[in-house]
Amino acid sequence: MNDSPRAAPSRFFTQHGRHLLGLQGMHPTRITPFLDLAESYALMNRSRQTPRDRLRGRTVINLFFEDSTRTRTSFELAAKRLGADVVNMTVATSSVNKGETLLDTAATLNAMRTDLLVVRHSQSGAPALLARKVEASVINAGDGTHEHPTQALLDALTIRRHFGTLHGLTVAICGDVSHSRVARSNIHLLTAMGAKVRVVGPPTLIPGAIGALGVDIHYTMEDGLRDADVVMMLRMQRERMNGGQVPSPREYFRFYGLDLKRLALARPGALVMHPGPMNRGVEIESRVADSDQSVIREQVEMGVAVRMAVLDLLSRAGDLT
Ligand code: NCD
């Protein structure tokens, strides 16, 4: 672990250069610096001492074409704790509603001399398209069903703080895997770091091709949770469904909801995670979500630290271009 943010490498690039568009194919030597730096930012956040000069004079724009509470506010807090100027642009207030295309938006952002652009969009690939057109470093804050890299990084940091490592752990990712960018980014990161990943859910919500990503597939919670070190629940993303994929929420909970009885199948003390927002009583019951095994609040805390690390490292990569 690094004690100081200065200890991080100054020549830092992801596989997408100065952008963070996804974690697929990212080598552990690229993932670990994010986690190490985030760990030190987590400590600084607790002591309320963050280096407000790190991003002084830099402009961060949060460009959100989709709803978000946690992700947008944590990027905003992260940027502010490092001293950046932050602007939040949401679809409702931007020219996108007046028919401006994504590429015109890019040209506008270039003219404003944006340094870091945080993008959430309902279309998979939209941040990658923007990254080709803007001078800023682009951070994918969730694109369609594709990836949500900062969520997987904050999940990994939360797990690592409890187990000291990711290597060799069994992580069960449960629920609506089909529509989940969180699941995809977690699968890429966790398998790269040597964890064993299972996906668990009804056949209608598990894409057949997911096995090619190196995960085991289980169609019952009873099989999938057995001896797991981490149980990661996913929200049922009804807004991305076109009907017919799941029965009623009540029926879904009966077969795939996480209750105390099912949790008891996992390793004693297994961690319970959820990226939020939670549908209590649909994919998880309150007694589990609020139990001692739940690290859902810690995930939110680590979200700020991880986003500080991402903004910091990418801003250094940007210095070289
Ligand atoms: C996730 C997302 O937007 O993909 N939420 C989040 O960023 N915390 C998961 C979800 O919406 O269910």
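Residues numbered from 1 in each chain as written. Predicted model: local features only at pLDDT ≥ 70, side-chain atom pairs only at ≥ 80, totals over all residues. Heavy atoms only, no water.

In the annotation of an unreviewed UniProt entry, the protein chain is listed under the name Aspartate carbamoyltransferase and assigned to Gluconacetobacter liquefaciens. For the protein chain, the Sequence similarities (unreviewed entry) comment in UniProt is given as "Belongs to the aspartate/ornithine carbamoyltransferase superfamily. ATCase family." Comment text from UniProt for the protein chain, heading Catalytic activity (unreviewed entry), reads "carbamoyl phosphate + L-aspartate = N-carbamoyl-L-aspartate + phosphate + H(+)". (UniProt positions renumbered as here; feature names shortened; annotations may be inferred.)

1. A look at the side chain of R54
By the secondary structure assignment, R54 is in the loop between α1 (28-46) and β1 (59-64). At 2.6 Å, the side chain of R54 forms a polar contact with the side chain of D312. (Helix = DSSP H or I, 4+ residues; strand = E, 2+ residues; numbered from the N terminus. Polar contact = N/O pair within 3.5 Å; in protein donor to acceptor, adjacent residues only side chain to side chain.)

2. Comments concerning the environment of C174
Mapping C174 onto the fold places it in strand β5 (residues 170-174). Residues C174 and P202 lie 28 residues apart in sequence; the distance between their C-alpha atoms is 9.4 Å. In this view, C174 contacts V200, M221, L225, V231, M232, M233 and L234; residues no more than four positions away in its chain are not counted. (Contact = heavy atoms within 4.5 Å.)

3. Concerning the layout of surface pockets
Its volume calculated, the largest pocket comes out at about 420 Å³. Taken together, 20 residues form the lining of the largest pocket, with R120, R181, R235, G276 and P277 sitting closest to its centre. Contributions of two or more residues to the lining of the largest pocket are made by α2 (70-81) and α6 (181-192). Taken together, the residues of the lining of the largest pocket sort by class into four nonpolar, eight polar and eight charged. (1 Å grid on protein atoms, 1.4 Å probe; cavity = no way out; pocket = protein on both sides within 12 Å on 5 of 7 lines; lining within 4 Å. Points joined across faces, edges and corners; volume = space filled by probe spheres on them. Nonpolar A, V, L, I, M, F, W, Y, C, P; charged D, E, K, R; others polar.)

4. Considerations on the UniProt feature "binding site: L-aspartate" (unreviewed entry) in the protein chain
What UniProt calls "binding site: L-aspartate" (unreviewed entry) maps, in this numbering, to K98, R181 and R235. Taken along the chain, the residues just named run across 138 residues; in space they spread out, the farthest C-alpha pair reaching 31.8 Å. Lining residues of the largest pocket drawn from the annotated list: R181 and R235. Of note, K98 is situated in the loop between β2 (85-90) and α3 (102-111). Its place among the elements puts R235 in the loop between β8 (230-233) and α8 (249-256). Each residue touching R235, except ones within four places of it in the same chain, is listed here: D176, H274, P277, N279 and E283.

5. Section: the packing of aromatic side chains
For any pair of aromatic rings, the description consists of the separation of the ring centres together with the inter-plane angle of the planes. Counted by the stated rule, this structure contains one aromatic pair. Consider the rings of Y252 and Y256, whose centres lie 5.9 Å apart with planes at 35°: the pair is tilted. Of this pair, Y252 and Y256 both sit in helix α8, separated by four residues, roughly a single helical turn. (Phe/Tyr/Trp six-rings, centres within 6.5 Å; stacked < 30°, edge-to-face > 60°.)

6. A word on the pairing of strand β4 (residues 137-143)
Summarising burial for β4: seven of the seven residues are buried, a large majority. Handedness of the crossover joining strand β3 (residues 116-121) and β4 through helix α4 (residues 126-131): right-handed. (Buried < 20%, exposed > 50% of the residue type's maximum accessible area, 1.4 Å probe, protein only. Right-handed = clockwise from strand over helix to strand, strands pointing away.)

7. Some words on unusual backbone geometry
The omega angle of the peptide bond from G276 to P277 is -5°, so this bond is cis rather than trans. Turning to its location among the elements, P277 is positioned in the loop between β9 (271-273) and α10 (286-289). A positive phi angle is found at R48, which is not glycine, with a value near 55°. Within the secondary structure, R48 sits in the loop between α1 and β1. The exposed category is assigned to R48, whose relative accessible area is 75%. A positive phi angle, close to 60°, is found at D227, a residue other than glycine. With relative accessibility at 41%, the residue D227 sits in the partly exposed group.

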